Every structure is written in structure tokens, then in C-alpha cells.
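Residues per chain are reported as follows:
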Amino acid sequence: MEVILASKELNVKLDGFRGNGIRIGLIPTMGALHDGHASLMHEAKKRCDHVVLSIFINPTQFNDSADFDNYPSSHEADLALSESCGVDVVFMPSVSDLYQGEPRVDRVNYGLLTNGFEGGARPGHFDGVVAVVRRLFAAVKPEMAFFGEKDLQQLAVVRKLTENEFTDLQVIACPLIRDVDGLALSSRNARLGGKARAQALAIPRSIKQIQSAVLGRLSINQALNQAKIELELQEGVKLEYIDVIDGKSFETCRSGDHGVPYVLIAAEVGGVRLIDNIPLDPNRRLT
Ligand code: AMP
């Protein structure tokens, strides 16, 4: 495995890989890697000849500077995990290398995909996501790129970007990986103290409760209202949004009849903002 810090060097390395029918896979990450990221690496290894994993804490997608300042990093462990998963190249560019100077982002408007939910709660977030993913795609020119369903809205935004600007690139969505207790794995979990870690379990519990309630014939509205009431009573949990949406368009669903409905949640626990989701019908999912 090679660690490459600059785009020029990456170009030279990847030109050596490219060839007829050769598939290069890209996994964009912000580091502090865990088993959720490892599942993307395993999928990429299965499908591609060469796997590039990028580690870049993208400043332009943080609307909250404290969140950026406190974002965890663990380079040594990240490199060890990447190597053990068979990654060929870890690309760790500086901000000025990737953005070719001062970071600049353009406004992105993909309608509901960029304006609703995460887009509404974190103004400018998807402008930064699109800016960095566009630059990583241009730097690596992969045949396939791997993203987790954990960031369901980001996945939809990246699919739209790819459809508009990178038509030869295949986006592969990978299922959300949870800890044994049900909490969705996230780099930010490292910032949860013991008490907050326990309180955070209300997040996966509430979306599973909605899934079961709707399977048991409660209406989506009734199930959402019940979950909201319970979450309001949960000590330490500040609910931002909880809803049922179509995982592709992000339109709200009030009957399970159209699209691929997902229960979506964002909440703050112990000063850490967490997101999670689950398919409303376990037998109907995007991946
Ligand atoms: P991040 O480093 O958090 O920006 O995530 C990099 C990629 O890993 C994104 O495509 C995420 O959706 C994916 N990812 C993060 N956590 C998980 C998880 N628990 N399960 C599956 N994929 C994940």
C-alpha cells in the first residue's frame, strides 16, 4: 500500500494502473476509519482491480467550525485498517493541493436533495460535499466510487452529481453498518462520553420502532408522532428531525406505496450531532 499526499504524484501512480478493462475504485472518507468504512473497502476489493481510499477532512462541508475543529483523526490506525483491507493507495491531499489554492465552492441546487433535511439543517453542507467529491473524482478518475447508505442524502446528492457530470462513473451504495448495540458506526461516536453513548441508543431504537409500528399497520403519521413524543422525553437527546422519505427523491412518504421509503433521523446527543436511517420495509431497500 502506498500513501500519496499530492495530486501530481497520484496521477503518475494511477496512470501506471490504468488499462483496458482495468477498474479503479475510489472510497472517499474523512478518516477516523471504522468497520463501516471497512465494509466499503471490502466491496471495492471485490469489484475493482485497484482501490484508492482518500482521507480528507473537507473544510467546506462543515457549517459548524467547532464540529470541524473537533473532528477526530487517527492516521496510524487508519493506515493499518486500510492496509489490512487490501487498499492499494491512500490519498491524503492537503487543502491547497486538492482545491488548487484557497478552497472555493459553488452553490449547488438539486432541489429537495440539497435543500431538505441535512441541506436545511446544515446550510452550505452539500455545496462543500459536491465540491470535494467533484475534485476527488477528477483527481482519481475512478471507474467506480463507493459510498455508504449511512449518509443516505449524501448518496442521493452524489448520484445526481454523477448523473450530471460523470456519466461513465458507477456509484456503488453499501449498506449501513451498526455497532453490536445498534448505534450506527460513525467517526463522531468517538466523541460521545459514556452517558451520551447510552443515551444515543434512543436514535436507532426510535427508527426501528417506527419500522415495527408501520409493519404492524400503524399509519406513518401515527408512528412518527409516537416516536417524536418518546424522543422528546429522552434525557440528553435533542431531536432535529425525524421523517419518512423516499430514499431517491427525498420527498416525504405518507404511504409506503411509492418509492423506497426510509425512516430518517438527526439528533444531537452530548453535543455530538448524529444521523441514522433504516428502510421502512426491511424487504425494500436501495442496496
Ligand atoms: P465519512 O468518513 O464519515 O465521511 O464516511 C466516508 C464514507 O463511509 C461515506 O460514504 C459514508 O457513508 C460511509 N460510512 C460511514 N459510516 C458508515 C457506516 N456505519 N456504514 C456504512 N458506511 C458508512
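What you see is a predicted model, and the numbers here were worked out from it, not measured in a lab.

**Description of the environment of Ser84**
- On the secondary structure map, Ser84 appears in helix H4 (residues 75-84).
- Residue classification places Ser84 among the exposed residues on the basis of a relative accessible area of 58%.
- Put simply, Ser84 and Ala38 are 46 residues apart on the chain and 9.3 Å apart in space, counted from C-alpha to C-alpha.
- A distance of 2.9 Å separates a polar side-chain atom of Ser84 from the backbone oxygen of Leu81.

**Notes on the domain arrangement of the protein**
- Taken domain by domain, the protein consists of domain 1 (2-174) and domain 2 (187-277).
- Measuring from the centre of the C-alpha atoms in domain 1 to the corresponding centre in domain 2 gives 26 Å.
- Of the residues lining the interface, 21 residues belong to domain 1; the matching set on domain 2 comes to 19 residues.
- Between domain 1 and domain 2, a total of about 1,700 Å² is buried, with carbon and sulfur atoms accounting for 58% of that surface.
- Taken as a group, Phe117, Glu118 and Leu152 account for 35% of the area that domain 1 buries against domain 2, more than any other trio of residues on that side.
- Taken together, domain 1 and domain 2 are joined by 3 salt bridges.
- For Arg191, the salt bridge is made with Asp67, and the minimal N-O distance between the two is 3.2 Å.
- At the surface where domain 1 touches domain 2, the tally comes to 9 residue pairs in polar contact (both at pLDDT 80 or more).
- Those elements that place two or more of their residues in the side of domain 1 that touches domain 2 are helix H6 (112-115), helix H7 (118-121) and helix H9 (152-165).
- Here the element with the most residues in the side of domain 1 that touches domain 2 is H9; it accounts for 3 residues.
- Residue composition of the side of domain 1 that touches domain 2, by class: 10 nonpolar, 5 polar and 6 charged.

**Let's talk about the packing of aromatic side chains**
- Throughout the structure, instances matching the rule amount to 7 aromatic pairs.
- A connected cluster of aromatic rings, assembled from ring pairs, spans Phe62, Phe68 and Tyr71.

**Focus on the site of the ligand**
- Taken together, 17 residues are adjacent to the ligand, and Met30, Gly148, Asp151, Ile177 and Leu185 come closest.
- The separation between a nitrogen atom of the ligand and a polar main-chain atom of Leu185 is 2.8 Å.
- Against a free-state accessible area of 480 Å², the protein chains account for coverage of 93% of the ligand.
- Of the residues forming the shell around the ligand, the biggest block, 3 residues, is contributed by helix H2 (residues 35-47).
- In the shell around the ligand, the residues fall into 9 nonpolar, 6 polar and 2 charged.

**Observations concerning the pairing of strand E6 (residues 170-174)**
- Summarising burial for E6: 4 of the 5 residues are buried, a large majority.
- Summarising the sheet, strand E5 (residues 144-148) and E6 pair through 5 bridges and their orientation is parallel. Looking at the pairing, Ala145 lines up with Val171 of E6.
- Following the backbone out of E5, through H9 and into the adjacent parallel E6, one traces a crossover that is right-handed.

**Points about the nonpolar core**
- Counting residues in each nonpolar core, the largest one holds 46 residues, and the members touching the most others are Leu10, Val52, Phe91, Val133, Phe137, Phe147 and Phe250.
- When residues of this core are sorted by domain, at least three fall in each of domain 1 (2-174) and domain 2 (187-277).
- Residues in contact with Phe137, not counting those within four places in the same chain, are Leu26, Pro142, Ala145, Phe147, Val158, Leu161, Thr162, Phe166 and Leu169.
- Listed in part, the 27 residues of the second largest apolar core include Ala196, Val263, Ile265 and Val269.

**Quick notes on the pattern of salt bridges**
- In total, this model carries 19 salt bridges according to the counting rule given.
- For the salt bridge of Asp67 with Arg188, the shortest nitrogen-to-oxygen distance reads 2.8 Å. Separated by 121 residues along the polypeptide, Asp67 in helix H3 (residues 65-69) and Arg188 in the loop between E6 and helix H10 (194-199) bring together distant segments of the chain.
- Judged by relative accessible area, which is 12%, Asp67 ranks as buried.

**Some thoughts on the pairing of strand E3 (residues 50-55)**
- With 6 of 6 residues buried, E3 lies mostly within the body of the structure.
- What you see with E3 is no split at all: His50, Val52 and Ser54 on one side and Val51, Leu53 and Ile55 on the other are buried throughout.
- One ladder, built from 6 bridges, connects strand E2 (residues 24-29) with E3; its direction is parallel. Bridge pairing in E3 links Leu26 to Val52.

Definitions and limits used
- Residues numbered from 1 in each chain as written.
- Predicted model: local features only at pLDDT ≥ 70, side-chain atom pairs only at ≥ 80, totals over all residues.
- Heavy atoms only, no water.
- Helix = DSSP H or I, 4+ residues; strand = E, 2+ residues; numbered from the N terminus.
- Buried < 20%, exposed > 50% of the residue type's maximum accessible area, 1.4 Å probe, protein only.
- Polar contact = N/O pair within 3.5 Å; in protein donor to acceptor, adjacent residues only side chain to side chain.
- Domains from an automatic or database assignment.
- Contact = heavy atoms within 4.5 Å.
- Buried area = accessible area lost by both parts, 1.4 Å probe.
- Salt bridge = Lys/Arg side-chain N within 4 Å of Asp/Glu carboxyl O.
- Nonpolar A, V, L, I, M, F, W, Y, C, P; charged D, E, K, R; others polar.
- Phe/Tyr/Trp six-rings, centres within 6.5 Å; stacked < 30°, edge-to-face > 60°.
- Near = heavy atom within 4 Å.
- Areas by Shrake-Rupley, 256 points an atom, 1.4 Å probe, with all protein chains shown as cover.
- Pairing = 2+ DSSP bridges.
- Right-handed = clockwise from strand over helix to strand, strands pointing away.
- Core = buried A, V, L, I, M, F, W, Y, C linked by side-chain atoms within 4.5 Å.

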